Amino acid sequence: MITEMDRVKMIITEGAKKGLALSKFIDTQINEFKQSDNFEEMIEGSKYFKNDGDIKNKKRVFINEKGQEEVAPHLKNYQLKHPIIYKMINQKAGYLLRKKPTIKQVIGKDELEDPDYKEILKGIFNNKMHKRLKYTLIEAVKRGIGWWQLYIDEEGDLKVRLRYATRIIPLWQDEEHEILDAIIMTYEVEVYTSATEKEKRTKVEYWDLEGVRYYIYDGSNLIEDVEEVEKKKDLVIKKDTDGTSILAHFKIGDTLHVWKKIPFIYFKYNSDEMPLIHLLKTLVDCYDELCSKTADAIYDAPDGVNVVKNYQEESGTFQKNLATYNTVFLDEDGEYDRKNIDLNIEAFKSFIEQLRKDIYEGGSGVDTQSEKFGTQESGVALKQLYADLDLDCSNIETEFKSSLEYFMFFYNNWIEMTDGKDYSDLEVEFVFNKTMTVNEKELIENCKNSMDMLSLDTILAIHPYVNDVEDEKEKLEKQQQEEIKQQESEYDKMIKELKNNNTSNKDGAKVGDK
(Lines give C-alpha, C1' and ligand atoms only; values in the text may rest on other atoms or scores of the structure.)
Protein backbone atom coordinates (compact mmCIF):
# COMPACT_ATOMS: atom_id res chain seq x y z
CA MET A 1 0.00 0.00 0.00
CA ILE A 2 1.34 3.45 -0.94
CA THR A 3 0.85 5.96 1.86
CA GLU A 4 0.22 9.67 1.40
CA MET A 5 3.82 10.43 2.37
CA ASP A 6 5.16 7.79 -0.06
CA ARG A 7 3.22 9.58 -2.76
CA VAL A 8 4.64 12.91 -1.59
CA LYS A 9 8.21 11.58 -1.66
CA MET A 10 7.61 10.03 -5.07
CA ILE A 11 6.31 13.32 -6.44
CA ILE A 12 9.24 15.23 -4.92
CA THR A 13 11.80 12.69 -6.20
CA GLU A 14 10.34 12.61 -9.71
CA GLY A 15 9.90 16.35 -9.61
CA ALA A 16 13.53 16.85 -8.62
CA LYS A 17 14.57 14.92 -11.74
CA LYS A 18 12.44 17.28 -13.81
CA GLY A 19 13.39 20.37 -11.82
CA LEU A 20 10.17 20.48 -9.73
CA ALA A 21 10.86 22.16 -6.39
CA LEU A 22 9.20 21.35 -3.07
CA SER A 23 7.55 24.78 -3.17
CA LYS A 24 5.74 23.79 -6.37
CA PHE A 25 4.45 20.61 -4.74
CA ILE A 26 3.24 22.62 -1.71
CA ASP A 27 1.49 25.11 -4.02
CA THR A 28 -0.29 22.20 -5.77
CA GLN A 29 -1.42 20.74 -2.43
CA ILE A 30 -2.82 24.11 -1.32
CA ASN A 31 -4.78 24.58 -4.55
CA GLU A 32 -6.19 21.04 -4.39
CA PHE A 33 -7.23 21.53 -0.77
CA LYS A 34 -9.00 24.86 -1.41
CA GLN A 35 -10.90 23.37 -4.36
CA SER A 36 -11.94 20.24 -2.43
CA ASP A 37 -15.40 19.37 -1.07
CA ASN A 38 -13.91 19.12 2.43
CA PHE A 39 -12.76 22.75 2.35
CA GLU A 40 -16.17 23.88 1.07
CA GLU A 41 -17.94 22.04 3.91
CA MET A 42 -15.56 23.62 6.44
CA ILE A 43 -16.53 27.08 5.15
CA GLU A 44 -20.24 26.18 5.19
CA GLY A 45 -19.97 24.75 8.71
CA SER A 46 -18.53 28.02 9.96
CA LYS A 47 -21.18 30.09 8.13
CA TYR A 48 -24.12 28.07 9.47
CA PHE A 49 -22.66 28.17 12.99
CA LYS A 50 -22.80 31.97 12.68
CA ASN A 51 -26.42 31.62 11.47
CA ASP A 52 -25.45 32.76 7.99
CA GLY A 53 -27.15 30.08 5.87
CA ASP A 54 -28.24 29.97 2.24
CA ILE A 55 -31.65 31.44 3.10
CA LYS A 56 -30.01 34.87 2.81
CA ASN A 57 -30.06 34.34 -0.99
CA LYS A 58 -33.84 33.88 -1.10
CA LYS A 59 -35.66 36.24 -3.48
CA ARG A 60 -39.26 36.72 -4.59
CA VAL A 61 -39.50 36.98 -8.35
CA PHE A 62 -42.08 37.24 -11.14
CA ILE A 63 -41.97 36.55 -14.88
CA ASN A 64 -41.78 39.81 -16.86
CA GLU A 65 -43.10 40.50 -20.34
CA LYS A 66 -39.91 39.05 -21.86
CA GLY A 67 -40.40 35.75 -20.04
CA GLN A 68 -37.50 36.41 -17.68
CA GLU A 69 -37.35 36.27 -13.90
CA GLU A 70 -37.28 39.62 -12.19
CA VAL A 71 -37.16 40.53 -8.50
CA ALA A 72 -40.51 41.78 -7.18
CA PRO A 73 -39.65 45.03 -5.34
CA HIS A 74 -42.87 45.41 -3.33
CA LEU A 75 -43.40 41.81 -2.25
CA LYS A 76 -42.46 40.90 1.28
CA ASN A 77 -39.36 38.66 1.30
CA TYR A 78 -38.77 37.09 4.70
CA GLN A 79 -35.38 35.40 5.21
CA LEU A 80 -35.92 33.62 8.51
CA LYS A 81 -32.68 32.21 9.88
CA HIS A 82 -32.88 29.60 12.62
CA PRO A 83 -29.67 29.13 14.68
CA ILE A 84 -30.16 25.35 14.96
CA ILE A 85 -26.53 24.50 14.07
CA TYR A 86 -25.23 27.03 16.61
CA LYS A 87 -27.48 25.64 19.31
CA MET A 88 -26.69 22.00 18.56
CA ILE A 89 -22.90 22.51 18.53
CA ASN A 90 -22.98 24.47 21.78
CA GLN A 91 -25.22 21.78 23.24
CA LYS A 92 -22.54 19.15 22.55
CA ALA A 93 -19.82 21.41 23.97
CA GLY A 94 -21.85 22.13 27.09
CA TYR A 95 -22.81 18.50 27.62
CA LEU A 96 -19.24 17.21 27.38
CA LEU A 97 -17.20 20.15 28.66
CA ARG A 98 -19.32 22.38 30.90
CA LYS A 99 -17.46 20.81 33.79
CA LYS A 100 -13.68 20.73 33.80
CA PRO A 101 -12.32 17.27 32.86
CA THR A 102 -10.66 15.26 35.62
CA ILE A 103 -6.98 14.55 34.90
CA LYS A 104 -5.30 12.02 37.16
CA GLN A 105 -2.50 9.48 37.27
CA VAL A 106 -3.34 5.82 36.81
CA ILE A 107 -1.80 3.97 39.77
CA GLY A 108 -1.82 0.43 41.13
CA LYS A 109 -3.46 -0.76 44.32
CA ASP A 110 -0.49 -0.14 46.62
CA GLU A 111 1.04 2.74 44.64
CA LEU A 112 0.94 6.47 45.35
CA GLU A 113 0.64 9.37 42.94
CA ASP A 114 3.84 11.21 42.08
CA PRO A 115 3.26 14.57 43.86
CA ASP A 116 5.50 16.55 41.46
CA TYR A 117 3.77 15.17 38.38
CA LYS A 118 0.39 15.81 40.00
CA GLU A 119 1.27 19.49 40.33
CA ILE A 120 2.51 19.58 36.73
CA LEU A 121 -0.80 18.13 35.47
CA LYS A 122 -2.75 20.59 37.60
CA GLY A 123 -0.75 23.46 36.09
CA ILE A 124 -1.33 22.27 32.52
CA PHE A 125 -5.04 21.56 32.70
CA ASN A 126 -6.18 24.81 34.29
CA ASN A 127 -9.23 26.94 33.49
CA LYS A 128 -7.56 28.39 30.41
CA MET A 129 -6.91 24.91 29.02
CA HIS A 130 -10.51 23.95 29.84
CA LYS A 131 -11.75 26.89 27.78
CA ARG A 132 -9.41 25.98 24.91
CA LEU A 133 -10.69 22.40 24.92
CA LYS A 134 -14.26 23.68 24.68
CA TYR A 135 -13.39 25.96 21.74
CA THR A 136 -11.55 23.06 20.10
CA LEU A 137 -14.66 20.86 20.36
CA ILE A 138 -16.75 23.60 18.74
CA GLU A 139 -14.16 23.92 15.96
CA ALA A 140 -14.07 20.15 15.42
CA VAL A 141 -17.87 19.81 15.14
CA LYS A 142 -18.07 22.89 12.88
CA ARG A 143 -15.35 21.76 10.47
CA GLY A 144 -14.86 18.05 11.13
CA ILE A 145 -11.44 18.50 12.75
CA GLY A 146 -9.61 21.01 14.96
CA TRP A 147 -5.89 21.53 15.46
CA TRP A 148 -3.47 22.52 18.21
CA GLN A 149 -0.01 23.79 17.36
CA LEU A 150 2.74 23.49 19.96
CA TYR A 151 5.10 26.43 20.41
CA ILE A 152 7.56 27.86 22.94
CA ASP A 153 6.50 31.23 24.35
CA GLU A 154 8.75 34.19 25.21
CA GLU A 155 9.26 32.89 28.73
CA GLY A 156 10.50 29.53 27.44
CA ASP A 157 7.38 27.55 28.36
CA LEU A 158 5.65 24.97 26.15
CA LYS A 159 2.23 26.22 25.01
CA VAL A 160 -0.46 25.33 22.47
CA ARG A 161 -2.64 27.49 20.27
CA LEU A 162 -5.82 26.60 18.41
CA ARG A 163 -5.50 26.58 14.62
CA TYR A 164 -8.46 26.66 12.22
CA ALA A 165 -8.86 23.60 10.02
CA THR A 166 -9.22 25.82 6.93
CA ARG A 167 -5.54 26.75 7.33
CA ILE A 168 -4.11 23.27 7.90
CA ILE A 169 -3.32 20.75 5.15
CA PRO A 170 -2.20 17.47 6.75
CA LEU A 171 -0.07 14.91 4.92
CA TRP A 172 -0.97 11.59 6.52
CA GLN A 173 1.21 8.52 6.69
CA ASP A 174 -1.69 6.07 7.00
CA GLU A 175 -5.22 5.58 5.71
CA GLU A 176 -6.70 5.89 9.22
CA HIS A 177 -5.30 9.43 9.47
CA GLU A 178 -3.56 8.76 12.78
CA ILE A 179 0.11 9.44 11.95
CA LEU A 180 1.32 12.73 10.48
CA ASP A 181 4.28 12.96 8.13
CA ALA A 182 4.05 16.69 7.44
CA ILE A 183 1.82 19.74 7.85
CA ILE A 184 1.25 22.63 5.44
CA MET A 185 -0.14 25.71 7.18
CA THR A 186 -1.36 28.80 5.32
CA TYR A 187 -2.44 32.18 6.67
CA GLU A 188 -2.86 35.75 5.48
CA VAL A 189 -0.92 38.76 6.77
CA GLU A 190 -0.87 42.44 5.87
CA VAL A 191 2.45 43.54 4.36
CA TYR A 192 3.44 47.18 3.78
CA THR A 193 4.30 47.77 0.11
CA SER A 194 5.20 51.41 0.78
CA ALA A 195 5.26 53.86 3.67
CA THR A 196 1.47 54.27 3.52
CA GLU A 197 0.11 51.33 1.52
CA LYS A 198 -0.26 47.70 2.46
CA GLU A 199 -1.70 44.55 0.94
CA LYS A 200 -2.66 41.06 2.02
CA ARG A 201 -0.12 38.33 1.36
CA THR A 202 -0.42 34.60 1.97
CA LYS A 203 2.30 32.95 4.03
CA VAL A 204 2.98 29.22 4.15
CA GLU A 205 4.79 27.01 6.66
CA TYR A 206 5.88 23.44 5.89
CA TRP A 207 6.49 21.32 9.03
CA ASP A 208 8.11 17.88 8.90
CA LEU A 209 10.65 15.87 10.92
CA GLU A 210 13.55 17.78 9.32
CA GLY A 211 12.30 21.10 10.68
CA VAL A 212 10.19 23.92 9.28
CA ARG A 213 10.40 25.88 6.02
CA TYR A 214 8.85 29.33 5.56
CA TYR A 215 7.35 30.52 2.27
CA ILE A 216 5.35 33.48 0.98
CA TYR A 217 3.35 34.01 -2.20
CA ASP A 218 4.78 36.54 -4.62
CA GLY A 219 1.87 36.83 -7.03
CA SER A 220 1.18 33.22 -8.00
CA ASN A 221 4.71 32.03 -7.17
CA LEU A 222 5.60 30.50 -3.83
CA ILE A 223 9.05 31.65 -2.75
CA GLU A 224 11.08 31.49 0.46
CA ASP A 225 9.99 34.00 3.10
CA VAL A 226 13.38 35.64 3.57
CA GLU A 227 12.11 38.13 6.17
CA GLU A 228 10.71 35.36 8.39
CA VAL A 229 13.93 33.35 8.09
CA GLU A 230 15.93 36.45 9.01
CA LYS A 231 13.78 36.98 12.15
CA LYS A 232 14.51 33.40 13.23
CA LYS A 233 18.04 33.06 11.87
CA ASP A 234 19.28 31.59 15.16
CA LEU A 235 17.09 28.52 14.42
CA VAL A 236 18.50 27.81 10.93
CA ILE A 237 19.88 24.25 10.63
CA LYS A 238 20.78 24.00 6.95
CA LYS A 239 19.50 24.55 3.41
CA ASP A 240 17.74 21.87 1.35
CA THR A 241 18.51 20.95 -2.28
CA ASP A 242 16.28 23.83 -3.48
CA GLY A 243 18.27 26.31 -1.42
CA THR A 244 15.42 26.82 1.06
CA SER A 245 16.40 27.26 4.73
CA ILE A 246 15.32 24.54 7.16
CA LEU A 247 14.80 25.84 10.70
CA ALA A 248 14.63 23.93 13.99
CA HIS A 249 11.29 23.50 15.73
CA PHE A 250 12.61 25.13 18.91
CA LYS A 251 15.72 25.98 20.87
CA ILE A 252 16.85 25.24 24.44
CA GLY A 253 19.83 27.33 25.43
CA ASP A 254 22.18 27.20 22.46
CA THR A 255 20.98 23.78 21.30
CA LEU A 256 18.60 23.43 18.35
CA HIS A 257 15.90 20.75 18.60
CA VAL A 258 13.42 19.03 16.30
CA TRP A 259 10.41 17.20 17.75
CA LYS A 260 10.29 13.42 17.32
CA LYS A 261 6.78 13.82 15.92
CA ILE A 262 5.04 16.59 13.96
CA PRO A 263 4.09 19.23 16.60
CA PHE A 264 0.45 19.52 15.54
CA ILE A 265 -2.32 17.71 17.42
CA TYR A 266 -5.59 16.84 15.69
CA PHE A 267 -9.00 16.71 17.41
CA LYS A 268 -11.61 14.95 15.27
CA TYR A 269 -15.39 15.18 15.53
CA ASN A 270 -15.57 11.62 14.20
CA SER A 271 -13.29 9.11 12.50
CA ASP A 272 -14.37 10.36 9.04
CA GLU A 273 -13.56 14.00 9.94
CA MET A 274 -17.09 14.83 8.79
CA PRO A 275 -18.57 18.14 10.06
CA LEU A 276 -22.08 18.38 11.46
CA ILE A 277 -23.21 20.52 8.51
CA HIS A 278 -22.61 17.54 6.19
CA LEU A 279 -25.52 15.76 7.91
CA LEU A 280 -27.90 18.66 8.35
CA LYS A 281 -27.47 21.28 5.60
CA THR A 282 -30.40 20.21 3.37
CA LEU A 283 -32.71 19.76 6.38
CA VAL A 284 -31.86 23.18 7.85
CA ASP A 285 -32.19 24.84 4.43
CA CYS A 286 -35.62 23.27 4.01
CA TYR A 287 -36.66 24.40 7.51
CA ASP A 288 -35.55 28.00 6.86
CA GLU A 289 -37.13 28.13 3.40
CA LEU A 290 -40.50 26.69 4.44
CA CYS A 291 -40.77 29.02 7.42
CA SER A 292 -39.79 32.02 5.27
CA LYS A 293 -42.22 31.18 2.45
CA THR A 294 -45.03 30.55 4.92
CA ALA A 295 -44.32 33.91 6.52
CA ASP A 296 -44.50 35.52 3.07
CA ALA A 297 -47.81 33.76 2.38
CA ILE A 298 -49.30 34.87 5.71
CA TYR A 299 -48.18 38.43 5.03
CA ASP A 300 -49.68 38.33 1.51
CA ALA A 301 -52.88 36.47 2.48
CA PRO A 302 -55.02 39.59 3.19
CA ASP A 303 -54.28 40.77 -0.37
CA GLY A 304 -55.61 37.50 -1.84
CA VAL A 305 -55.13 36.30 -5.44
CA ASN A 306 -55.78 38.25 -8.63
CA VAL A 307 -58.72 37.45 -10.97
CA VAL A 308 -58.56 39.30 -14.32
CA LYS A 309 -60.96 39.31 -17.31
CA ASN A 310 -60.37 40.78 -20.80
CA TYR A 311 -56.91 42.14 -20.01
CA GLN A 312 -55.34 43.10 -23.35
CA GLU A 313 -51.68 43.32 -22.34
CA GLU A 314 -49.35 40.38 -21.76
CA SER A 315 -49.47 38.65 -18.39
CA GLY A 316 -45.86 39.72 -17.76
CA THR A 317 -46.85 43.38 -17.99
CA PHE A 318 -49.71 42.76 -15.57
CA GLN A 319 -47.36 41.14 -13.04
CA LYS A 320 -44.82 43.95 -13.39
CA ASN A 321 -47.44 46.71 -12.91
CA LEU A 322 -48.86 44.93 -9.89
CA ALA A 323 -45.44 44.26 -8.33
CA THR A 324 -44.08 47.74 -9.10
CA TYR A 325 -47.08 50.04 -8.65
CA ASN A 326 -49.47 47.75 -6.76
CA THR A 327 -51.96 48.82 -9.47
CA VAL A 328 -53.76 47.11 -12.39
CA PHE A 329 -54.34 49.07 -15.65
CA LEU A 330 -57.53 47.78 -17.37
CA ASP A 331 -59.27 48.41 -20.71
CA GLU A 332 -62.88 49.65 -20.87
CA ASP A 333 -64.45 46.16 -20.79
CA GLY A 334 -61.88 44.64 -18.41
CA GLU A 335 -62.65 43.32 -14.95
CA TYR A 336 -60.39 42.75 -11.97
CA ASP A 337 -61.07 41.07 -8.64
CA ARG A 338 -59.08 39.61 -5.81
CA LYS A 339 -59.98 36.34 -4.03
CA ASN A 340 -58.98 35.51 -0.49
CA ILE A 341 -56.50 32.69 0.12
CA ASP A 342 -57.08 30.07 2.81
CA LEU A 343 -53.76 28.86 4.25
CA ASN A 344 -53.52 25.30 5.55
CA ILE A 345 -51.53 26.18 8.67
CA GLU A 346 -52.17 22.81 10.33
CA ALA A 347 -50.52 20.93 7.45
CA PHE A 348 -47.54 23.30 7.69
CA LYS A 349 -47.25 22.81 11.46
CA SER A 350 -47.39 19.04 11.12
CA PHE A 351 -44.66 18.99 8.47
CA ILE A 352 -42.39 21.49 10.22
CA GLU A 353 -42.63 19.56 13.51
CA GLN A 354 -41.56 16.36 11.73
CA LEU A 355 -38.77 18.23 9.96
CA ARG A 356 -37.52 19.59 13.28
CA LYS A 357 -37.50 16.05 14.73
CA ASP A 358 -35.50 14.87 11.71
CA ILE A 359 -32.95 17.65 12.24
CA TYR A 360 -32.36 16.85 15.90
CA GLU A 361 -32.28 13.11 15.24
CA GLY A 362 -29.82 13.53 12.37
CA GLY A 363 -27.62 15.84 14.44
CA SER A 364 -27.85 13.75 17.63
CA GLY A 365 -29.20 16.64 19.66
CA VAL A 366 -31.91 17.29 22.25
CA ASP A 367 -34.77 19.53 21.16
CA THR A 368 -35.70 21.61 24.20
CA GLN A 369 -38.95 22.63 22.45
CA SER A 370 -40.07 19.01 22.29
CA GLU A 371 -43.16 18.06 24.29
CA LYS A 372 -41.15 15.29 25.96
CA PHE A 373 -38.50 17.64 27.36
CA GLY A 374 -40.55 19.17 30.17
CA THR A 375 -42.42 16.01 31.15
CA GLN A 376 -39.58 13.55 31.81
CA GLU A 377 -38.89 13.45 35.55
CA SER A 378 -37.27 10.09 36.28
CA GLY A 379 -33.57 9.51 35.63
CA VAL A 380 -34.29 6.66 33.21
CA ALA A 381 -36.62 8.78 31.08
CA LEU A 382 -34.12 11.64 30.96
CA LYS A 383 -31.35 9.26 29.90
CA GLN A 384 -33.51 8.05 27.03
CA LEU A 385 -34.13 11.65 25.97
CA TYR A 386 -30.37 12.32 25.98
CA ALA A 387 -29.42 8.97 24.43
CA ASP A 388 -28.45 10.28 20.96
CA LEU A 389 -26.54 13.25 22.36
CA ASP A 390 -24.74 11.02 24.86
CA LEU A 391 -23.72 8.56 22.13
CA ASP A 392 -22.38 11.31 19.88
CA CYS A 393 -20.47 12.96 22.74
CA SER A 394 -19.06 9.58 23.81
CA ASN A 395 -17.58 9.23 20.32
CA ILE A 396 -16.12 12.74 20.59
CA GLU A 397 -14.72 11.81 24.01
CA THR A 398 -12.92 8.80 22.51
CA GLU A 399 -11.33 10.97 19.82
CA PHE A 400 -10.33 13.72 22.27
CA LYS A 401 -8.78 11.31 24.80
CA SER A 402 -6.54 9.92 22.07
CA SER A 403 -5.52 13.46 21.07
CA LEU A 404 -4.77 14.47 24.67
CA GLU A 405 -2.55 11.40 25.06
CA TYR A 406 -0.69 12.56 21.95
CA PHE A 407 -0.32 16.00 23.57
CA MET A 408 1.11 14.41 26.74
CA PHE A 409 3.82 12.72 24.64
CA PHE A 410 5.13 16.17 23.73
CA TYR A 411 4.77 17.56 27.25
CA ASN A 412 6.58 14.62 28.86
CA ASN A 413 9.30 14.94 26.24
CA TRP A 414 9.57 18.65 27.00
CA ILE A 415 9.89 18.09 30.78
CA GLU A 416 12.63 15.51 30.19
CA MET A 417 14.59 17.95 28.00
CA THR A 418 14.21 20.97 30.31
CA ASP A 419 14.12 19.43 33.84
CA GLY A 420 15.77 16.06 33.25
CA LYS A 421 12.78 14.19 34.73
CA ASP A 422 11.26 11.28 32.81
CA TYR A 423 7.50 10.86 33.36
CA SER A 424 6.87 8.92 30.13
CA ASP A 425 6.18 5.69 32.07
CA LEU A 426 3.39 7.32 34.11
CA GLU A 427 -0.06 6.78 32.66
CA VAL A 428 -2.59 9.60 32.74
CA GLU A 429 -6.37 9.18 32.62
CA PHE A 430 -8.71 11.82 31.20
CA VAL A 431 -12.29 11.75 32.52
CA PHE A 432 -14.90 13.96 30.83
CA ASN A 433 -17.63 14.85 33.31
CA LYS A 434 -20.78 15.03 31.20
CA THR A 435 -23.64 17.33 32.13
CA MET A 436 -27.33 16.86 31.44
CA THR A 437 -30.67 17.95 32.86
CA VAL A 438 -31.25 15.55 35.74
CA ASN A 439 -33.59 14.82 38.59
CA GLU A 440 -31.21 16.21 41.22
CA LYS A 441 -33.02 14.72 44.20
CA GLU A 442 -32.93 11.24 42.66
CA LEU A 443 -29.28 11.58 41.62
CA ILE A 444 -28.14 12.79 45.06
CA GLU A 445 -29.99 9.91 46.69
CA ASN A 446 -28.25 7.47 44.33
CA CYS A 447 -24.87 9.01 45.17
CA LYS A 448 -25.59 8.65 48.88
CA ASN A 449 -26.63 5.01 48.49
CA SER A 450 -23.50 4.19 46.47
CA MET A 451 -20.94 5.52 48.98
CA ASP A 452 -19.90 2.02 50.08
CA MET A 453 -19.67 0.66 46.53
CA LEU A 454 -18.00 3.46 44.53
CA SER A 455 -14.89 5.56 44.97
CA LEU A 456 -15.07 9.18 46.09
CA ASP A 457 -13.83 10.31 42.66
CA THR A 458 -16.71 8.54 40.91
CA ILE A 459 -19.31 9.91 43.33
CA LEU A 460 -18.03 13.48 42.97
CA ALA A 461 -17.87 13.19 39.16
CA ILE A 462 -21.62 12.47 38.88
CA HIS A 463 -22.82 14.69 41.76
CA PRO A 464 -24.91 17.58 40.31
CA TYR A 465 -23.40 20.22 42.61
CA VAL A 466 -19.74 19.45 41.80
CA ASN A 467 -18.12 21.27 38.86
CA ASP A 468 -14.45 20.49 39.57
CA VAL A 469 -13.70 17.09 41.13
CA GLU A 470 -10.09 17.86 42.12
CA ASP A 471 -11.08 21.18 43.67
CA GLU A 472 -13.89 19.51 45.63
CA LYS A 473 -11.48 16.80 46.89
CA GLU A 474 -9.10 19.49 48.14
CA LYS A 475 -11.97 21.21 49.94
CA LEU A 476 -13.00 17.91 51.56
CA GLU A 477 -9.43 17.21 52.68
CA LYS A 478 -9.14 20.70 54.15
CA GLN A 479 -12.47 20.26 55.93
CA GLN A 480 -11.34 16.90 57.37
CA GLN A 481 -8.08 18.42 58.59
CA GLU A 482 -9.96 21.24 60.29
CA GLU A 483 -12.31 18.72 61.95
CA ILE A 484 -9.31 16.70 63.18
CA LYS A 485 -7.68 19.85 64.58
CA GLN A 486 -10.93 20.78 66.31
CA GLN A 487 -11.21 17.29 67.83
CA GLU A 488 -7.59 17.46 68.97
CA SER A 489 -8.22 20.88 70.47
CA GLU A 490 -11.25 19.62 72.38
CA TYR A 491 -9.25 16.59 73.56
CA ASP A 492 -6.39 18.81 74.78
CA LYS A 493 -8.87 21.02 76.58
CA MET A 494 -10.40 18.03 78.31
CA ILE A 495 -6.95 16.73 79.40
CA LYS A 496 -6.04 20.17 80.72
CA GLU A 497 -9.24 20.36 82.78
CA LEU A 498 -8.52 16.93 84.25
CA LYS A 499 -5.00 18.05 85.22
CA ASN A 500 -6.38 21.18 86.86
CA ASN A 501 -8.86 19.09 88.81
CA ASN A 502 -6.09 16.77 89.99
CA THR A 503 -4.02 19.77 91.12
CA SER A 504 -6.89 21.22 93.15
CA ASN A 505 -7.38 17.85 94.95
CA LYS A 506 -3.78 17.60 96.25
CA ASP A 507 -4.90 18.61 99.79
CA GLY A 508 -6.33 15.14 100.22
CA ALA A 509 -9.94 16.01 99.60
CA LYS A 510 -11.93 13.29 97.97
CA VAL A 511 -14.83 13.45 95.64
CA GLY A 512 -17.94 13.96 97.73
CA ASP A 513 -16.13 15.76 100.60
CA LYS A 514 -17.34 19.19 101.56
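Since this is a predicted model, take the numbers as computed values, not measurements.

(A) The arrangement of the pairing of strand S9 (residues 212-218) in detail. Buried residues dominate S9, accounting for 6 of its 7 residues. Pairing analysis gives 5 bridges linking strand S8 (residues 198-207) to S9, with the strands arranged antiparallel. Residue pairing for S9: Tyr-206 is matched across the bridge by Arg-213. What sits between the antiparallel neighbours S8 and S9 is a turn of 4 residues, in which Gly-211 has the positive phi angle 155°. Across 4 bridges, S9 lies against strand S10 (residues 221-224) in antiparallel orientation. Looking across to S10, one finds that Tyr-217 is bridged to Leu-222. Connecting S9 to the next strand, S10, in antiparallel fashion are 2 residues, including Gly-219 with a positive phi near 70°.

(B) Structural view of the nonpolar core. By size, the foremost hydrophobic cluster in this structure holds 59 residues, and its most contacted members are Phe-125, Trp-148 and Phe-407. Element by element, the count of residues in this core is highest for helix H12 (residues 387-419), at 12 residues. Once residues within four sequence positions are removed from consideration, Phe-125 is found in contact with Lys-100, Ile-103, Leu-404, Phe-407, Met-408 and Phe-430. Core analysis: the second largest hydrophobic core is formed by 35 residues, Phe-25, Ile-30, Val-212 and Tyr-217 among them.

(C) Representation of the packing of helix H6 (residues 127-143) against H12. In the contact formed by H6 and H12, the axes pass within 12 Å of each other and the chain directions differ by 125°. Between H6 and H12, the crossing angle belongs to the class labelled oblique. Two packed elements cross with a definite hand, and for H6 against H12 that hand is right-handed. Contact with H6, carried on its side by Met-129, Leu-133, Thr-136, Leu-137, Ala-140 and Val-141, involves Ile-396, Phe-400, Leu-404 and Phe-407 of H12 and no other residues of that element. Taken together, the residues that form the contact of H6 with H12 break down as 9 nonpolar, 1 polar and no charged.

Conventions we followed
Residues numbered from 1 in each chain as written. Predicted model: local features only at pLDDT ≥ 70, side-chain atom pairs only at ≥ 80, totals over all residues. Heavy atoms only, no water. Buried < 20%, exposed > 50% of the residue type's maximum accessible area, 1.4 Å probe, protein only. Helix = DSSP H or I, 4+ residues; strand = E, 2+ residues; numbered from the N terminus. Pairing = 2+ DSSP bridges. Core = buried A, V, L, I, M, F, W, Y, C linked by side-chain atoms within 4.5 Å. Contact = heavy atoms within 4.5 Å. Axes fitted to C-alpha atoms, helices over the stretch in contact; angles between N-to-C directions. Parallel < 35°, antiparallel > 145°, perpendicular 65-115°, else oblique. Left-handed = near helix turned anticlockwise from the far one by under 90°. Nonpolar A, V, L, I, M, F, W, Y, C, P; charged D, E, K, R; others polar.

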